[in-house]
Every structure is written in C-alpha cells, then in structure tokens.
Amino acid sequence: MSDDSSSALLTDHYELTMLQGALHSGAAPRRSVFEMFARRLPEGRRYGIVSGTGRFLDLLERFRFDTGELDFLSDNGVVDDRTLAWLADYRFSGNVWGYGEGEAYFPGSPILVVEGTFAEAVILETLALSVYNHDSAIASAASRMSAAAGDRPLIEMGSRRTHERSAVAAARAAYVGGFATSSNLEAGRTYGVPTGGTAAHAFTLLHDSERHAFKAQLESMGTGTTLLVDTFDVERAVATAVELAGPELGAVRIDSGDLGATASRVRAQLDALGATGTRIVVTGDLDEYSILALAVAPVNGYGVGTSLVTGSGAPTVSLVYKLVARARGLEPDAPLEPVAKRSVGKPSRGGRKWASRRLDDKGTAVAEEVFPHDPSSGVGLRPLLRPLVSEGVVVGKESVHDARERHRATVAELPEQALRMSRGEAALPTVFH
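Computed from a predicted model, the values in this text were never measured in an experiment.

Student: Before we go on, may I ask you to explain the pattern of salt bridges in this structure?
Tutor: Side chains carrying opposite charge are able to pair once their charged atoms draw close together. In this structure the tally under the stated criterion is 23 salt bridges. We note a salt bridge from Arg382 to Glu413, for which the minimum N-O separation is 2.8 Å. On the criterion of sequence distance, the pair formed by Arg382 in strand S16 (residues 381-383) and Glu413 in helix H15 (residues 400-413) is long-range, its members being 31 residues apart. The partly exposed category is assigned to Arg382, whose relative accessible area is 25%. Given a relative accessible area of 11%, Glu413 falls into the buried group.

Student: Please explain the pairing of strand S11 (residues 301-304) as it appears in this structure.
Tutor: Burial along S11 is two-sided: Gly301 and Gly303 facing one way and Tyr302 and Val304 facing the other are all buried. The sheet contact formed by strand S6 (residues 154-156) and S11 spans 3 bridges and is parallel. Residue pairing for S11: Leu154 is matched across the bridge by Tyr302. Each parallel crossover has a hand, and the one from strand S10 (residues 279-282) via helix H13 (residues 288-293) to S11 is right-handed.

Student: I keep staring at the sheet that holds strand S13 (residues 336-338) and nothing clicks. Help me out?
Tutor: Strand pairing within a sheet occurs via backbone hydrogen bonds; the two strands may be parallel or antiparallel. Read from one edge of the open sheet, 7 strands run S13-S12-S1-S5-S3-S17-S18, paired in antiparallel fashion. This sheet does not close on itself; its edge strands, each paired only once, are S13 and strand S18 (393-394). Pairing of strand S1 (residues 31-38) with strand S12 (residues 319-327) involves 7 bridges; the strand directions are antiparallel. Each residue of the ladder has a partner; that of Ala38, found in S12, is Leu319. Here helix H2 (residues 53-61) sits on the sheet in contact with strand S3 (95-99), strand S5 (112-117), strand S17 (385-390) and S18, set at roughly 15° to S17.

Student: Looking at this model, I keep getting lost on the environment of Ser356. Mind explaining?
Tutor: Tracing the sequence through the fold places Ser356 in strand S14 (residues 354-359). Spatially, the C-alpha atom of Ser356 lies 39 Å from that of His24, the residues being 332 residues apart in sequence. Residues within four places of Ser356 in sequence aside, it is in contact with Ala367, Glu368, Glu369, Phe371, Pro375, Leu381, Arg382, Pro383 and Leu384.

Cut-offs used in this document
- Residues numbered from 1 in each chain as written.
- Predicted model: local features only at pLDDT ≥ 70, side-chain atom pairs only at ≥ 80, totals over all residues.
- Heavy atoms only, no water.
- Salt bridge = Lys/Arg side-chain N within 4 Å of Asp/Glu carboxyl O.
- Helix = DSSP H or I, 4+ residues; strand = E, 2+ residues; numbered from the N terminus.
- Buried < 20%, exposed > 50% of the residue type's maximum accessible area, 1.4 Å probe, protein only.
- Pairing = 2+ DSSP bridges.
- Right-handed = clockwise from strand over helix to strand, strands pointing away.
- Contact = heavy atoms within 4.5 Å.
- Axes fitted to C-alpha atoms, helices over the stretch in contact; angles between N-to-C directions.

What follows is the structure, given as structure tokens:
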C-alpha cells in the first residue's frame, strides 16, 4: 500500500455491517463517544507506553472510500447501495483526544477518545486498534529495554523478523520508546529515525580472509566503522582489527557465545592494544532481561531484533475500543448519557472521561486519576488528554522526536518500582472519580 493510498479497507467487515444496520434503524447520526483503553497490562508489566498516534492520524487523513474501495464493496456484496452512497461521502468530522505519543498508561487509562456520530466513529475502531495495539506493544517493550540499558544506546535491528511494513512501524515505535537508532532505512526516510548498520558474517566469508574483509570495510567506511569479530576466532579478529585500523577503531561487534565473558576478554585485549576508545556492541537474541544481566559487562551498546519486534512476549497490549456514551436523542446538541457493557470478565465504565496524572511534591507520579468531567488543572495534577482532531481537522501531529522526548519525561516521572524488571502489578493505581 502506497503512502497516499486510501486506508479505508484497513478495517473489519463487521464495522460496515454495524454501519448499514445503524443507517437502517436511523441511529447512525446519533452523537456518540468511544474510548480506547486496556483493561489490564500484559502479565507482569508495571506500565505501558502509548505509541502509534502519529501513524493513526496519517491514516485517518487517508480514510476515504474512493472508486476502488466502493467497487470492491459493491462487487462483493459487503454493503447495500444506501451504505455505499454514505461511504462515498465519508469524511470524519468529529473530535479526537488522546494521550500524547510516548506517554505512559495504566489499566483503564482512556488513551483515545473519539466523539462524532455513531456512523463516523464506529468505522474507525479497527484502524485505531490495529495501529495502537502493535505500536504500543513495541514501544512498551522498547521502554523496558531502555530502562535495563541505562545510558548505553540501543539499536533496533528486527526488520528481518517481522512483516516488511510492520518492520517500519516497529522501528518508529522503538525510537519513541528510547532506542537510539534503527537498521531500517524506510523508517529513516519516512519518520526521520536515525539509521545505522555495519556488516554481517557473509561479508567476512565473501573475502579470501578476515583480514581482507576488514581492510575493505575500513578503507570504504573509515576507521570509525564497527567490525564484526566473531566469525572465526575472536581474539585473532580483534588483533587484526586494531592492527589495520589503529587505536581509532570505532567499535567491534560480538554476536554469539557468552556475551558478557567475551566482552570482558575483548575489552582487556583492546585496552592492551591501546584501543581504549573502541566501543563494544553486542547482539544476538537480546531482551530486557539479558540486557540487564549485561549491566556489569564492559559493553557500550546493544542491538536488539526478534524480542523487540514481537513485544518481548506481549505482541499486543489488548487495547479495546468501546462505546461509553451516546446522545439521548438525534439532535446534535442532545445531552450525552453513559452506556456500558456488563459482560462477565469484560466490563466497561460508561461516560465520557478526562484523565490526569497525580504527582507528589517531588514530581513523582502516584496515581492515574480519571474524572467524569474536565478537572481544573489543580496543584499536582497533570492533564493527559490533548486534542488530536478538531471538527474533522487533524491538529495533533508532532514529530517522532517530540514523542521520544515525551517518553523520556514520563519515564523519569514514574516511581522507582515501575522500572524494575521483575514481575509486578501496575506501578500506579487508576482512580475513577
């Protein structure tokens, strides 16, 4: 799908089934409020990170039923002619509020609030959930890995472990969640994510000797490049690398074996050879736990792939999109009344909500507070919902760098226990007023 193509069919059939039924009953224009939230965090997690906002807003602007989309729906009998005519003129004209991208969230947090007619808002459900569930899973995992890594930079390198389009979204979400760079060039072009890359074992094996391979890479890339030193014998490779590059060698990469023990030996060897400034980067099936285990090792950076792009065991964060309020009548100014499902194990809280984070006098977050009205910005309350769409016009776009900075600030605000890697409950209680 090209960047300027319609996003309207990135949805489930049943959204249009509901639309057709609501047009038939006359309820389609009824003013409604939907909220997206998680009933719980993935098992053992202490906080989540919101991501996907920027991608959702881009897709919302392209949510149009053009000739190709309408022909498909008609040819396959998905909806009737009346619904086709309605879809041909579809333009979301409502309002959307949401947590800023990069913000922490907790169970019950109203991450996204969509207000419009029922017809306009209901057909956005799948689009919103597919974007936010994927990207928030990646950003949440990335945030934990960033916490484990401390000041050491992380490289996202999971493109070969997921769908080619998911790889771009994952690289973006990882950058929001604290990763420094990505190997994915499309993420660099589309979103401005910094990119980087070195060489694989194939490059070494291509050449007649490891020395020849290193020499070619150094001559073409400069001494600041990173050389992969575990294709054959690590000690010999490090010696060859420093002999060819001198003490200005940028970095070496270790991709296999006991990473901590190998890194210690390599550090000692580099220092003995005078390459005290040469960095050590480790890769190879890392996750937040193995990164934390390497905290005492002389490692300068980590490359993470499979675990990151699969959410480190939580590939979705199980967000839901539920109708929480509807107007009492069909008039545009009719007052809203709460609605909620009562299904066993899947209850929801009715009514439009506003969320703030309660901070103590040291600026540390102590609770997520959710109100049935817009509270005044009192002392110790930080409002979380910000306008994203106003009367159909997208107003909340920001750069991925802004989202990354918000992530840094929100994590710094969390209590210390939130950043522990051990299993635990949500770091903040969600208080409904």
